[in-house]
Amino acid sequence: MKFVDEFRSGALAQKLVHELEASVEPGRALKFMEVCGGHTHTIYKHGIEDLVPPEIDFLHGPGCPVCVIPMGRVDDAIALAERPDVIFTTFGDMMRVPGGRGSLLEAKARGADVRMVYSPLDALELARRNPDREVIFFAIGFETTAPSTAITVLRAQAEGISNFSAFCNHVTIGPPLKTILDSPGLQLDGFIAPGHVSTVVGTRPYDFMARDYGKPVVVTAFEPIDILHATVMLVRQLRDGRCEVENQYTRVVKRDGNPRALAVLDQTMELRDTFEWRGLGWIERSALKLRPEFAQWDAEARFELPGTRVEDPKACQCGEVLVGAIKPWECKVFGTACTPERPIGTCMVSSEGACAAYYNYGRLAKRRERVPA
Amino acid sequence: MRPRRTKLRDEVVTLAHGAGGKATRALVEGLFVEELGNPLLAPLSDSALLEVNGSRLAFTTDSYVVKPIFFPGGDIGDLAVNGTVNDLAVAGAQPLALSAGFVIEEGFPVADLRRIAVSMARAAEAAGVPVAAGDTKVVERGKADGLYVTTAGIGIIAPEVGLGAEHIRTGDRVLVSGTIGDHGMAVMVARGELQLEVDLASDTACVLVLAQELLALGGALRFMRDPTRGGVATALNELAQAANVAVYLDEEALPVRPEVIGTCEILGIDPLYVACEGRLLAVVAAEACDAALARLQAHPLGAGAAVIGEVRDEPEGLVLLETSFGGSRVVDMLVGDPLPRIC
């Protein structure tokens, strides 16, 4: 068992493809949204669209944590990073995300002390080693990464480390899905629900999608075989007239998620009244902030923030891409004004962003024939 | 050679400009070529080709800023010699002489410097080329990260050698002389920031002997490159664009160590973009493919050689990968990943 090769087996893929070919109704388009950017990446990296019947179309959802951070929050992050006493730490793929006035990578080139870390615990270690500096961690991501921020804050508290703080931008997975389901004119036949975040939150947060909106949901892992398997599971539900939340990622995801992770989240964080999502606008109770008793480690409480608001660029259609209304290459600026090296919208920045995945891997996909909806 | 030159629109230099991908190309084409441009520089290949009294010379230079300076499988010294020798070798040249420039930070241990000089001497001797000129500069503490080395090299190209993108034809095969990505991942792991325990060594080596084996194929050898910064993907993209052809890679045929695959998987990096420092990429005529593979595999350094792809007409200028899973995808040039310094 190598844990990767088995899930990339071409022979196994063929079996699943045969079942799909036998199950879809010829000429009837099926649109499935893969919510998570990791799924989008896998679909393109392994060329899954080449394999499935032309009736099946994958739409790319809002589950790229980098892509949904609004430009104003990036500008606020840069303002924090430019303080002379600050070491600003971030995950690597946030470095190139453009705000209203450049990216963290550019701020670093201008002299800000911006450092890439692989975990918030690395940032805490930097705080230990640099007691005379303020170390701020740019906390982003869904409930997937939020527990690691929570644990880091708890550890800072336990060790009495006072020069560490988190700039909290954690978001929750349920509300944007509801926003998508409520968007007018939505044509979706089912959801490939995210895997990593479900290891924490379990499968219950998706129940409303099947119950209230009548959409089949399959919580799915990240290897190409997983995605094909989930597609088969969705097609089976539709064929059998079922509408359920199923779990394909049983090797990791439990119905109730990870209670310990949820407990530390609840201990340290609470829902914000509202939060701005890039491309989706303001969504109520969709993001997390540190609870007041952890203000000591909350960069928003510790430092004066400009509180920048930047409208999404007019030319950018990230919002429509994020709700699956258009394909990335149908955006007016895709591949011309907006490219991975000069992104306008954040969907083009992270390799998990729908546009970047299309641009890097899938530019031939649009030449392929599709069954009209 | 390329129809459209990349524009440089950035106001300051960022680390992306040093990553070997699109941003690097923008910096080189949009600034240096614009200001320094001349017919010798224009091809932007590994070595410039000069005609002197009827002889063809290859001339190249490269700077090394690798961190850490010592890493499993090598150090900045043999890396600097091998890198420049390899740039000459893939141009089809026999190296004649090298130069070495050292920028040393105040406080750098002399013992380390000697160790590096010894490793350079060994690498130069193995390649059969003298380090014939040198320079040293010392800067204040904090103004350089220990040691930077710049090497330059000059070589002579035999009259019968004719290599270049313009010789590439549909149906030609693409070979690589061994596993890909070893150097880049070995250096990343050696930095110790990832807390990974992986048994990986750099592939840094002189590929001159392999290049000479392939040169014996005559006109059936079309083109050679050493896939350093930016990896195999970047080298093949440059090739596809220069020759106006498509390159199709077969994922199953790519030689990648399981340790490299695993480390890349954890970090979200594609081995196709990871630097090699002792590998050779070659394009050969289809009928010479078996002979080329046999010649490479006959040497210990080329034992892991493989045929990894093929040249086709369409789509022009793109590299495509046929995945083991049965699909296909575009393999684009690297877009400035914030990767650490690896060469």
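The rules we used
Residues numbered from 1 in each chain as written. Chains lettered and ligands numbered in written order. Predicted model: local features only at pLDDT ≥ 70, side-chain atom pairs only at ≥ 80, totals over all residues. Contact = placed C-beta atoms within 7 Å. Helix = DSSP H or I, 4+ residues; strand = E, 2+ residues; numbered from the N terminus. Nonpolar A, V, L, I, M, F, W, Y, C, P; charged D, E, K, R; others polar. Axes fitted to C-alpha atoms, helices over the stretch in contact; angles between N-to-C directions. Parallel < 35°, antiparallel > 145°, perpendicular 65-115°, else oblique. Left-handed = near helix turned anticlockwise from the far one by under 90°. Pairing = 2+ DSSP bridges. pLDDT = per-residue confidence, 0-100. Domains from an automatic or database assignment. Buried ≥ 20, exposed ≤ 12 C-beta atoms within 10 Å, placed from the backbone.

Here's the deal with the interface of chain A and chain B
Taken together, the contacts link 27 residues of chain A with 21 residues of chain B. Of all the elements in the fold, those that place two or more residues in the side of chain A that touches chain B are α1 (10-23), α2 (37-45), α3 (48-51), α5 (104-109) and α15 (354-361) of chain A. Classifying every residue of the side of chain A that touches chain B by side-chain character gives 14 nonpolar, 6 polar and 7 charged.

Brief notes about the packing of helix α7 (residues 146-159) of chain A against helix α12 (residues 259-268) of chain A
Any two packed helices are characterised by how steeply their axes cross, that is the angle between the axes, and by the distance between the axes. Residue and element names in this part refer to chain A. Here α7 crosses α12 at 60 degrees, and the two axes come no closer than 9 Å. As the angle between them shows, α7 and α12 are arranged oblique. Every pair of crossing elements has a handedness; the one defined by α7 and α12 is left-handed. Contacts between α7 and α12 involve Ala146, Pro147, Ala150, Ile151, Val153 and Leu154 from the former and Ala261, Val264, Leu265 and Thr268 from the latter.

What about the sheet that holds strand β2 (residues 55-64) of chain B?
All names here are of chain B. One open sheet accounts for 5 strands, arranged β1-β2-β7-β5-β6; its pairing is mixed. Of all strands in the sheet, those bounded by a partner on one side alone are β1 (48-52) and β6 (131-139). Neighbour-to-neighbour, the strand axes of this sheet turn through a mean angle of 20 degrees, independent of strand direction. Of the pairings in the sheet, the one linking strand β5 (residues 93-105) to β6 comprises 8 bridges and is parallel in character. Of the residues in β6, the one forming a bridge with alanine 100 is glycine 134. Packing of helix α2 (residues 76-90) onto the sheet brings it into contact with β2, β5 and β7 (147-157), and relative to β7 it is tilted by some 30 degrees. Running over the sheet, helix α3 (residues 110-127) touches β5 and β6 and is turned about 175 degrees from β5.

A look at the confidence of the model for chain A
Per-chain confidence: chain A averages 89 in pLDDT, with 95% of residues scoring 70 or above. In the model, residues 367-373 of chain A has pLDDT below 50 throughout and makes 11 contacts with residues more than four positions away in sequence or in other chains.

Overview of the pairing of strand β13 (residues 319-322) of chain B
For a regular strand, side chains alternate in direction, first toward one face of the sheet and then toward the other. All names here are of chain B. Bridge count for strand β10 (residues 246-250) against β13 is 4 bridges, and the pairing is parallel. Note on β13: the bridge partner recorded for aspartate 250 is glutamate 322. One ladder, built from 3 bridges, connects β13 with strand β14 (residues 328-330); its direction is antiparallel. Note on β14: the bridge partner recorded for leucine 320 is valine 330.

Overview of the domain arrangement of chain B
How big an interface is tends to be stated in terms of the accessible area lost upon association of its parts. Residue and element names in this part refer to chain B. Per the domain assignment, the segments of chain B are domain 1 (1-39), domain 2 (47-157) and domain 3 (165-330). Here domain 2 and domain 3 have C-alpha centroids that lie 23 Å from each other. Listed as interface residues are 21 residues of domain 2 and, on the opposing side, 22 residues of domain 3. Listed by contribution, the elements that provide at least two residues to the side of domain 2 that touches domain 3 are α2 and α3.

Regarding unusual backbone geometry
For the bond running from B:Lys67 to B:Pro68, omega is 5 degrees, close enough to zero to count as cis. The residue B:Pro68 is located in the loop between β2 and β3 (70-71) in this model. Following B:Glu314, the chain continues to B:Pro315 via a peptide bond in cis, the omega torsion being -10 degrees. Position of B:Pro315 relative to the elements: it lies in the loop between β12 (306-312) and β13. Its identity is not glycine, yet A:Arg285 carries a phi of approximately 45 degrees, on the positive side.

What about helix α4 (residues 182-190) of chain B?
Residue and element names in this part refer to chain B. Most of α4 sits inside the fold, with 9 of its 9 residues counted as buried. Of the positions making up α4, those classed as buried are Asp182, His183, Gly184, Met185, Ala186, Val187, Met188, Val189 and Ala190. In this fold, the buried residues of α4 make contact with β3 and α7 (258-267). Immediately beyond the C-terminal end of α4, within one or two residues, lies glycine 192, with a positive phi of roughly 80 degrees.

Examining the confidence of the model for chain B
Detailed reading of the predicted coordinates is not advisable wherever pLDDT falls low. On average, residues of chain B score 92 in pLDDT, and 96% of them reach the 70 mark or higher. Two summary scores accompany this predicted model of the complex, namely pTM at 0.83 and ipTM at 0.73.

Re the pairing of β2(B)
Residues and elements named next belong to chain B. The pairing of β1 with β2 spans 5 bridges and is antiparallel. Pairing of alanine 48 across the sheet is with phenylalanine 59, part of β2. Counting the residues between successive antiparallel strands, the hairpin from β1 to β2 contains 2 residues, one of them, asparagine 53, with a positive phi of roughly 45 degrees. Direction of pairing for β2 relative to β7: antiparallel, over a ladder of 9 bridges. Along β7, the bridge assignment pairs leucine 57 with isoleucine 156.

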